[in-house]
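# Structural features, examined
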Amino acid sequence: MTDWTTDRAADALLDAEARRADRGPLTDEWPDLDLRTAYEVQDRLVSRRVGAGEEVVGVKLGLTSRAEQQRMGVDAPLTAWLTDAMVLPAGEPVPLDELIHPRVEPEIVFVLGRRLRGPGVTAATALAAVESVHCGAEVIDSRYTDFRFALPDVVADNASAARVVLGSTGVPPAGLDLALEACLLQVDGEVVDSATGAAVQGNPAEALALAANALAERDLALEPGWLVFTGGMTDAVPVTSGKQITAEFTRLGSVTVTGS
Ligand code: OOG
Ligand code: MG
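Residues numbered from 1 in each chain as written. Chains lettered and ligands numbered in written order. Predicted model: local features only at pLDDT ≥ 70, side-chain atom pairs only at ≥ 80, totals over all residues.

Under an unreviewed UniProt entry, the chain has the name 2-keto-4-pentenoate hydratase and belongs to Saccharopolyspora rosea.

Following this line, the structure appears as structure tokens:
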């Protein structure tokens, strides 16, 4: 028996975020929390946000690259929700006073031109629904102490979603080789990491297909106009006051995130 419910878990995570108070993993207190129930917590949490006036603007994938999976000790990709309140306009500093322990990671981002609904979506059919490809940066901010969690914990926590920054240059997918698209991650002008799109499930289009097929299992689809953040290509780096983190891509331009 447990006193935990999906409602109570969603409240606990929203409360941790609002108070900027990190907490222990849910699974410490709710060891039976399984993945299915964790997605229910995630959905509940996002319904609360929508009830408070936010709008869903897309999805993010998490743990699609080995770099991210190894760091977290978790070996499966997951999906989570993005709302308009999470979108940080390019050039605006990360509001450190609203976050717990934010980290930044470079991502390849799709903007959808058409609805994409699984099952059976392949990388090729997924790309056909894409209007433009952008570089991006995600600011993750786990509500769990030291980013320590098991897979159901991070799913419930909406995959640590906090802010997303979309690069301003949109490139049509035709003519891009997203597996070869490279990214240099720089902190205060120094290269600290690099990766290509192949780090993300072999190709970010595979991650997009994965998202469509995973959502279909819950009878959900990716909608036209939505953003899809395909997952960090490198390990995420902490963003602190005054620090400048730039992700520079081969064909997709660059995006810079600065700590306020
Ligand atoms: C989970 C979120 C990971 C990504 O792109 O892999 C993620 C976490 O590491 O806190 O957003
Ligand atoms: Mg991410």
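## Concerning the UniProt feature "domain: Fumarylacetoacetase-like C-terminal" (unreviewed entry) in the chain
Sequence positions flagged by UniProt for "domain: Fumarylacetoacetase-like C-terminal" (unreviewed entry) are, in local numbering, residues 59-256. For residues 59-256, helix accounts for 16% and strand for 32%, while the C-alpha atoms at its two ends are 21 Å apart. (UniProt positions renumbered as here; feature names shortened; annotations may be inferred. Helix = DSSP H or I, 4+ residues; strand = E, 2+ residues; numbered from the N terminus.)

## Side note on the sheet that holds strand β7 (residues 190-196)
Judged by pairing direction, the sheet is antiparallel, and its 4 strands sit side by side in the order β7-β6-β10-β11 without closing on themselves. Each end of this open sheet is capped by a strand with a single partner; those strands are β7 and β11 (254-258). Across the sheet, the axes of successive neighbouring strands diverge by a mean angle of 15 degrees, strand direction being ignored. Relative to strand β10 (residues 244-249), strand β6 (residues 182-187) is paired through 5 bridges, and the arrangement is antiparallel. Each bridged residue has a counterpart across the sheet, and for L185 the counterpart in β10 is A247. (Pairing = 2+ DSSP bridges. Axes fitted to C-alpha atoms, helices over the stretch in contact; angles between N-to-C directions.)

## Some remarks on helix α1 (residues 6-19)
Note: α-helices contain 3.6 residues per turn, so residues at a spacing of three or four share the same orientation. In a regular helix each residue adds 1.5 Å, so 14 residues correspond to 20 Å; α1 covers 20 Å between its end C-alpha atoms and thus fits that length. Those residues of α1 that sit buried are A9, A10, A12, L13 and E17. Each buried residue of α1 lies within a common arc of 160 degrees when the element is viewed along its axis, so the set occupies one face. Pointing more than 90 degrees away from the buried face of α1 are the exposed residues D15, A18 and R19. Here the buried face of α1 lies against α2 (26-29), α3 (35-51) and α6 (151-156). (Expected span 1.5 Å × (residues − 1). Buried ≥ 20, exposed ≤ 12 C-beta atoms within 10 Å, placed from the backbone. Arc of directions from axis to C-beta. Contact = placed C-beta atoms within 7 Å.)

## Considerations on the site of ligand 1
Around ligand 1 lies a shell of 15 residues, among which G62, E68, S160, G231 and G232 are the nearest. Elements supplying a minimum of two residues to the shell around ligand 1: β1 (56-62), α4 (66-72) and β4 (130-140). Among the residues making up the shell around ligand 1, the classes are represented as 6 nonpolar, 5 polar and 4 charged. (Near = placed C-beta within 6 Å. Nonpolar A, V, L, I, M, F, W, Y, C, P; charged D, E, K, R; others polar.)

## Section: unusual backbone geometry
Note the cis peptide between G118 and P119, where omega equals 0 degrees. Along the chain, the position of P119 falls in the loop between β3 (103-112) and α5 (123-128). Even without being glycine, R20 reaches a positive phi, approximately 55 degrees. As for its position among the elements, R20 is in the loop between α1 and α2. A positive phi angle, close to 60 degrees, is found at S160, a residue other than glycine. Its place among the elements puts S160 in the loop between α6 and β5 (161-166).

## Notes on the environment of V257
Its location among the elements puts V257 in strand β11. With 27 C-beta atoms counted inside 10 Å, the residue V257 sits in the buried group. Spatially, the C-alpha atoms of V257 and G91 are 6.9 Å apart, while their sequence positions differ by 166 residues. In this view, V257 contacts V94, V104, A137, V139, V165, V239 and I245; residues no more than four positions away in its chain are not counted.

## Observations concerning the nonpolar core
Counting residues in hydrophobic clusters, the biggest one holds 77 residues, and the most contacted among them are A126, L208, A211, V228 and V257. Ignoring anything within four residues of it in the chain, the contact list for V228 reads G58, V59, V109, F110, L112, L208, A211 and L222. (Core = buried A, V, L, I, M, F, W, Y, C linked by C-beta atoms within 7 Å.)

## Describing the pairing of β10
Burial along β10 is one-sided: the residues I245, A247 and F249 are buried and none of Q244, T246 and E248 is. Sheet topology note: the β10/β11 ladder contains 5 bridges and is antiparallel. Counted as the bridge partner of A247 is V255 from β11. Between β10 and β11, which pair antiparallel in sequence order, lie 4 residues; one of them, G253, sits at a positive phi of approximately 85 degrees.

## Focus: the packing of α1 against α3
At a minimum axis separation of 8 Å, α1 and α3 run at an interaxial angle of 60 degrees. In this view, α1 runs oblique relative to α3, as classed from their interaxial angle. Where α1 crosses over α3, the two elements pack in a sense that is right-handed. Across the interface between the two elements, T6, D7, A9, A10, L13 and L14 from α1 touch T37, E40, V41, R44, L45 and R48 from α3. Its residues assigned to classes, the contact of α1 with α3 comprises 6 nonpolar, 2 polar and 4 charged. (Parallel < 35°, antiparallel > 145°, perpendicular 65-115°, else oblique. Left-handed = near helix turned anticlockwise from the far one by under 90°.)

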